[in-house]
Amino acid sequence: MKITAAVCRGQGEDFQIEEVNLADPREDEVLVRNVGAGVCHTDLICRDQWYPVPLPAVFGHEGSGVVEAVGKNVTRVQPGDHVVMSYMSCGICKSCTLGRPAYCAQLYGANFSGGRLSDESSALTDAKGERLSGHFFGQSSWASHSIAYERSVVKVDPAAPLELLGPMGCGIQTGAAAVLSTFNPELGTSIAIFGAGSVGLAALMAAKAVGCTTIIAVDIKPQRLELAKSLGATHGVNGAEVDSVEAIKEITGGGADYSIELTASPKVARQAIDSLGTMGTCALIGAAALGTEYSFDMNDVMLAGKRIVGHIESGNLSPQIFIPRLVTLMQQGNFPLEKLVTTYKLDEVNKAAHDTEAGVSVKPVLVF
């Protein structure tokens, strides 16, 4: 079928709106008519080839929409279902069989290769019939329609605002799950969040929902810190004006129970670790260029019993479990995702990308 998509044809180039061809779903695949799709930092660093997805390609990995057709072996969803599309995983490795597909042994190939995990084929071709890299995070959702895998689509309540739910497939899920899955903090604990973008603010809202009582947002943009306070932060620290580590230790009386690093800066990662108190845990989330390294004081980590963990996507839970829970929190008013979202049409994708990088929009969403 012919669809409309935003195509990246060269490293760092603007996206081009094109009519392209989409193949029918295979036996384990689902055809989704997209309603919304988030714009994420990961889309843009792949455009810039930090992660070398073969070009030309169709990106987009935070899609939500309505199922239009399913392959013959699909049983989880049916036409008419409302779904969020999340990341792809192999389903057979140790992590997948433990119910932790975020740490799939084939995660990179399943999400960044530009083709299907099984045979590297792509369901997308351009108007000339030439291959386009697709299946980005199992969906390539910057398009009017997507081919997704049964194992990566999540059925959601049709009463929920479908056009806003796409970011729960990646960025919003990642921030919230760092708190609710990887940390699982006790009531009354403290958390410092380095980076008040969409992922950090999702973590903040989750921390408030679960009962953290000292929630510190760290950023260098005053408007982001004000937004963080409106969403539940008890303190805002401007890292350009004060020593973030000293400020956090003063606020918490010695150091935070938890910290999250979202900037992908080795300097900020060190601050996030140093800001922890005894037995504290730091989650590294920021997507850095391949090969990026950071340092920490080995004795400080050892003697204080600190922990440093990597976290991506839904953490220790599967998206099929975690995303419906997050939707319910939103419907109950305890996770106000709508306060982060600015909507754009598909042909405004380059403006949305610019606004993401400039910090104008917290979470841009393309609506169809």
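To keep things clear, this report deals only with the structure shown in the data block.

Packing of helix α5 (residues 171-183) against helix α11 (residues 319-331) brings their axes to within 11 Å, and their N-to-C directions diverge by 95 degrees. The orientation of α5 relative to α11 falls into the category roughly perpendicular. Contact with α5, carried on its side by I172, Q173, A176, A177 and L180, involves P319, F322, I323, L326 and L329 of α11 and no other residues of that element. Residues that form the contact of α5 with α11 fall into these classes: nine nonpolar, one polar and no charged.

Another point: the pattern of salt bridges. Applying the stated criterion across every chain yields a total of 12 salt bridges. Here R47 ties to D48 by a salt bridge, and the two come within 2.8 Å at their closest N and O atoms. By relative accessible area, which is 9% here, R47 ends up buried. With a closest N to O distance of 2.9 Å, D274 and R270 form a salt bridge. Here D274 pairs with R270, and both are found in helix α9 (residues 266-274), just four residues apart, close to one helical turn. Among the charged side chains, a network of salt bridges with common partners joins R9, E18 and D126.

With glycine set apart, most residues show a phi of negative sign, and most peptide bonds adopt trans. For the bond running from L55 to P56, omega is 0 degrees, close enough to zero to count as cis. By secondary structure assignment, the location of P56 is in the loop between α1 (41-47) and β4 (57-58). Backbone geometry places N184, a non-glycine residue, at a positive phi of 50 degrees. Following the sequence through the fold, N184 ends up in the loop between α5 and β10 (190-194). On the basis of relative accessible area, N184 is assigned to the exposed category, the value being 54%. Despite not being glycine, A264 shows a phi value in the positive range, around 70 degrees. The class for A264 is partly exposed, based on a relative accessible area of 21%.

Reading the values: the criteria
- Residues numbered from 1 in each chain as written.
- Predicted model: local features only at pLDDT ≥ 70, side-chain atom pairs only at ≥ 80, totals over all residues.
- Heavy atoms only, no water.
- Axes fitted to C-alpha atoms, helices over the stretch in contact; angles between N-to-C directions.
- Helix = DSSP H or I, 4+ residues; strand = E, 2+ residues; numbered from the N terminus.
- Parallel < 35°, antiparallel > 145°, perpendicular 65-115°, else oblique.
- Contact = heavy atoms within 4.5 Å.
- Nonpolar A, V, L, I, M, F, W, Y, C, P; charged D, E, K, R; others polar.
- Salt bridge = Lys/Arg side-chain N within 4 Å of Asp/Glu carboxyl O.
- Buried < 20%, exposed > 50% of the residue type's maximum accessible area, 1.4 Å probe, protein only.

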